[in-house]
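Residue-level listing of the chains:
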Amino acid sequence: MLIFNGNNIKDHIRVYQDKAEALKVIKEFKTGRLKSFKIQSEAEEYAKLVLKKQII
């Protein structure tokens, strides 16, 4: 699971393996988003792409 807060993505990207834990954390962020991946490396790569788009 990848969680990111749409307002300040650099500070709030988190990758979780436990869905219940991710759902608990996502409730902390009003603009938070959740995306599932089959393997952790895919989540990490996606997070890097999202960061690059935010910087540009």
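Note: the structure precedes this text.
First, a word on scope: everything that follows refers to the structure included in this document.

Definitions and limits used
- Each residue is numbered by its place in its chain's sequence as written, counting from 1.
- Totals for whole chains, interfaces and linings use all residues, but because this is a predicted model, local features are given only for residues with pLDDT of at least 70 and pairs of side-chain atoms are given and counted only at 80 or more.
- The basis for the side-chain values is all heavy atoms of the structure; hydrogens and waters are excluded.
- Helix and strand assignments follow DSSP, with helices taken as H or I runs no shorter than four residues and strands as E runs no shorter than two, numbered in order from the N terminus.
- Here the term buried applies to any residue with accessible area under 20% of the maximum for its type, exposed to any over 50%, and partly exposed to those in between, with areas from a 1.4 Å probe on protein chains only.
- The contact definition used throughout considers only heavy atoms, calling two residues in contact when any of these lie within 4.5 Å.
- Accessible surface area values rest on a Shrake-Rupley calculation with a 1.4 Å probe, where residue burial reflects the displayed protein chains alone.
- Only one rule defines a salt bridge in this text: a Lys or Arg side-chain nitrogen within 4 Å of an Asp or Glu carboxyl oxygen.
- Only rings of Phe, Tyr and Trp enter the pairing, Trp through its six-membered ring, and a pair is recorded when the two centres are within 6.5 Å. The plane angle decides the type: under 30 degrees is stacked, over 60 is edge-to-face, the rest tilted.
- Note on criteria: charge over ring means Lys NZ or Arg CZ within 6 Å of the ring centre, with the direction from the centre no more than 35 degrees off the ring normal.
- The arc in question is the one traced by the directions running from the helix axis out to the C-beta atoms.

### Some thoughts on the overall build of the protein chain
Then comes step 1: When you go through the protein chain residue by residue, the secondary structure sums to two helices and three strands.
Then comes step 2: Mapped from its N terminus to its C terminus, the protein chain presents α and β elements in the order β-β-α-β-α.
Then comes step 3: When the 56 residues of the protein chain are sorted by exposure, 27% land in the buried category.
Then comes step 4: Considering only contacts in the protein chain between residues 6 or more positions apart, those separated by 24 or more positions represent 48%.
Then comes step 5: As presented, the protein chain carries roughly 4,300 Å² of accessible surface, and 50% of it is formed by carbon and sulfur atoms.

### Topic: the pattern of salt bridges
Then comes step 1: Per the counting criterion, the structure on display carries one salt bridge.
Then comes step 2: Notably, a salt bridge pairs K48 with E45, separated by 3.6 Å at the nearest N-O pair. Linking K48 with E45, this pair stays in helix α2 (residues 40-55), spanning three residues, or about one helical turn.
Then comes step 3: Residue K48 is classed as partly exposed on the basis of its relative accessible area, which comes to 47%.

### Some words on the packing of aromatic side chains
Pairs of aromatic rings are described using the distance from one ring centre to the other and the angle between the two planes.
Then comes step 1: Summed over all chains, the structure comprises one aromatic pair.
Then comes step 2: Ring centres of F37 and Y46 lie 5.4 Å apart, and the angle between their planes is 50°; on these two criteria the pair is classed as tilted.
Then comes step 3: A cation over an aromatic ring shows up here: K35 above the ring of Y46, its NZ or CZ 5.2 Å from the ring centre.

### Concerning helix α1 (residues 19-26)
Then comes step 1: Those residues of α1 not exposed but buried are A22, V25 and I26. For α1, the angular spread of the buried residues around the axis is 100°, confining them to a single face. Residues of α1 that are exposed and point more than 90 degrees away from the buried face comprise A20 and K24.

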